[in-house]
Amino acid sequence: MRKTPFTLIELLVVMAIIAILASLLLPSLNQARQTAKRISCVNQLKQHGLSISLYCDDSMGFFVPYCLAADKTTWPAILSLINGYNRNQKTYLCPENPLVSSPSQFLRKSLVQTATSEKFYYVDYGYNYFYMGGSQYLGSPAKDDKSISQGGHPAKQHRIKHPSRKLLLTDSKTNMATGDSIFRGHYLLSRTQPAVGSSSAGHPAIRHSNMVNILWVDGHVSSARGLVSEPFGEAYTMEHNPYLYEPFSRAVTDFWTCD
């Protein structure tokens, strides 16, 4: 017996049903993908927390310096290249960054600069350097938020009060607004909002569906909700300003300081 073929109307009905199902499922799939990237980012921050803790154990309790003044070797380079606590260089780039999948280009630009004295400047995680990595706690304090602490010493891990409420690392991003620079993070985390167009320090980046991941001094990681998500490919605007709310607000300095 000959089978009756589909009519055009039946085919259109099937296609309409498939389109409806896709429209219902795709947002959920996209949300699940974003959640997976945020969790992957959380796990990377936990790895960095462990690496920093190991450094402290081997360095009389001192946090890793945010930068070696002699050759400008940054804290990720110290942990990865010099001490070998975390040799997986991809963990310094957030999985939410769309260019992470191009290691021959973006990893080279982000992790190893052309000058040998500038390694790991544009990683996607910023360090609370002013109080932890080149702090006011011991020695000479940094002159301001954007200068290398000349003669300043990192804080000691055991002397940090309320470590579960002190920022150590967060998602970070430069304030650059054009070209490849718009995709860059920064190894320094400024306590105040950097000027637009500045690449000397980063700000907390609200890149995970209106959330920013935070590594605290005690090693736990949490996510703080921002005002508006700041995708990598979007220029920084005031609506992305993380310093308007806790725990980054300048009015709530106890999240930043050692005491």
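Structure: see above.
Given the structure is predicted, the values throughout are model-derived calculations rather than measurements.

Peer 1: Can you help me understand the overall build of the protein in this one?
Peer 2: Along the protein, the regular secondary structure elements total 4 helices and 9 strands. Helices (α) and strands (β) of the protein occur, in sequence order from the N terminus, as α-β-β-α-α-β-α-β-β-β-β-β-β. Relative to its full complement of 259 residues, the protein shows a buried share of 47%. When the accessible surface of the protein is split by element, carbon and sulfur atoms take 58% of a total near 12700 Å².

Peer 1: How should I be thinking about the state of the cysteines in this particular structure?
Peer 2: Between two cysteines, a covalent bond joining their sulfur atoms is known as a disulfide. Summed over all chains, the structure comprises 0 disulfides. The cysteine C94 is free of any disulfide, with C41 supplying the nearest cysteine sulfur at 4.0 Å. In this structure C94 comes out as buried when scored by relative accessible area, which is 0%.

Peer 1: What exactly am I supposed to notice about unusual backbone geometry here?
Peer 2: Glycine aside, residues mostly have negative phi, and peptide bonds are mostly found in the trans state. Its identity as a non-glycine residue notwithstanding, M60 has a phi of 55°, on the positive side. Among the secondary structure elements, M60 is positioned in the loop between α1 (8-58) and β1 (67-68). Taking the relative accessible area as the measure of exposure, M60 reaches 69% and is therefore exposed. Even without a glycine there, the phi angle at H162 is positive, about 55°. Position of H162 relative to the elements: it lies in the loop between β5 (152-153) and β6 (167-173). For H162, a relative accessible area of 53% translates into the label exposed.

Peer 1: It is not clear to me how the environment of C94 should be interpreted in this structure. Could you clarify?
Peer 2: One can find C94 in the loop between α2 (75-82) and α3 (103-111). As for C94 and C41, which are separated by 53 residues in sequence, their C-alpha atoms are 5.8 Å apart.

Peer 1: Please clarify how the pairing of strand β8 (residues 211-216) should be interpreted in this entry.
Peer 2: Side chains on a regular strand alternate between the two faces of the sheet. With 6 of 6 residues buried, β8 lies mostly within the body of the structure. Because side chains alternate across β8, one face comprises the buried residues M211, N213 and L215, and the other comprises V212, I214 and W216, equally buried. Across 3 bridges, the pairing between β6 and β8 is antiparallel. The residue bridging T170 from the neighbouring strand is I214, located in β8. Linkage of β8 to strand β9 (residues 221-225), two consecutive antiparallel strands, is achieved through a turn of 4 residues, within which G219 is found at a positive phi near 100°.

Peer 1: Where do I start with the packing of aromatic side chains in this structure?
Peer 2: In this description, a pair of aromatic rings is defined by centroid distance and the angle of the planes. Using the criterion set out here, one finds 10 aromatic pairs in the structure. Between Y121 and Y187, the aromatic rings sit 5.0 Å apart at their centres with planes inclined by 40°, giving tilted as the arrangement. One end of the pair, Y121, is in the loop between α3 and β3 (125-127); the other, Y187, is in the loop between β6 and β7 (203-204), and 66 residues separate them in sequence. Both residues of the pair, Y121 and Y187, belong to the buried class. Judged by centre distance (6.1 Å) and plane angle (55°), the rings of W216 and F255 are tilted.

Peer 1: Which parts of the structure should I look at to understand the pairing of β9?
Peer 2: Two elements, β8 and β9, share 5 bridges in a ladder whose sense is antiparallel. Looking at β9, one finds that I214 is bridged to S222.

Peer 1: When you look at the nonpolar core in this model, what are you seeing that I'm missing?
Peer 2: Most often, soluble globular proteins keep nonpolar side chains buried together rather than apart. Ranked by internal contacts, the top residues of the largest apolar core, which has 49 residues, are F63, Y127 and L168. Secondary-structure elements contributing two or more residues to this core are α1, α2, β3, α4 (129-133), β6, β8 and β9. Sorting elements by how many residues they give to this core places α1 first, with 6 residues. Excluding residues within four positions of it along the chain, F63 makes contact with I52, Y55, C56, Y127, M132, P154, A155, K156, Q157, I160, L168 and V217.

Peer 1: Help me out: how do you make sense of the side chain of N86 in this one?
Peer 2: Within the element layout of this structure, N86 appears in the loop between α2 and α3. Residue classification places N86 among the buried positions, given a relative accessible area of 6%. A distance of 3.2 Å separates a polar atom in the side chain of N86 from the backbone nitrogen of N88. When residues no more than four places from it in sequence are discounted, the contact partners of N86 are Q47, H48, S51, L79, S80, T91 and Y92.

Peer 1: What's the story with a nonpolar patch on the surface in this structure? I'm lost.
Peer 2: A surface patch of nonpolar side chains, amounting to about 600 Å² of accessible area, comprises I9, V13, I17, I20, L21 and L24. Mapped onto the secondary structure, I20 falls in helix α1.

Peer 1: How should α2 be read in this particular structure?
Peer 2: Residues spaced three or four apart along an α-helix face the same direction, because each turn holds 3.6 residues. Among the 8 residues that make up α2, 6 are buried, leaving the element largely enclosed by the rest of the structure. G84 sits one or two positions beyond α2 and adopts a positive phi of about 70°.

Conventions we followed
- Residues numbered from 1 in each chain as written.
- Predicted model: local features only at pLDDT ≥ 70, side-chain atom pairs only at ≥ 80, totals over all residues.
- Heavy atoms only, no water.
- Helix = DSSP H or I, 4+ residues; strand = E, 2+ residues; numbered from the N terminus.
- Buried < 20%, exposed > 50% of the residue type's maximum accessible area, 1.4 Å probe, protein only.
- Areas by Shrake-Rupley, 256 points an atom, 1.4 Å probe, with all protein chains shown as cover.
- Disulfide = S-S within 2.5 Å.
- Pairing = 2+ DSSP bridges.
- Phe/Tyr/Trp six-rings, centres within 6.5 Å; stacked < 30°, edge-to-face > 60°.
- Core = buried A, V, L, I, M, F, W, Y, C linked by side-chain atoms within 4.5 Å.
- Contact = heavy atoms within 4.5 Å.
- Polar contact = N/O pair within 3.5 Å; in protein donor to acceptor, adjacent residues only side chain to side chain.
- Patch = residues over 30% accessible without salt bridge, like charges linked within 9 Å, V, L, I, M, F, W, Y side chains within 5 Å.
- Salt bridge = Lys/Arg side-chain N within 4 Å of Asp/Glu carboxyl O.

These figures capture arrangement, not role.
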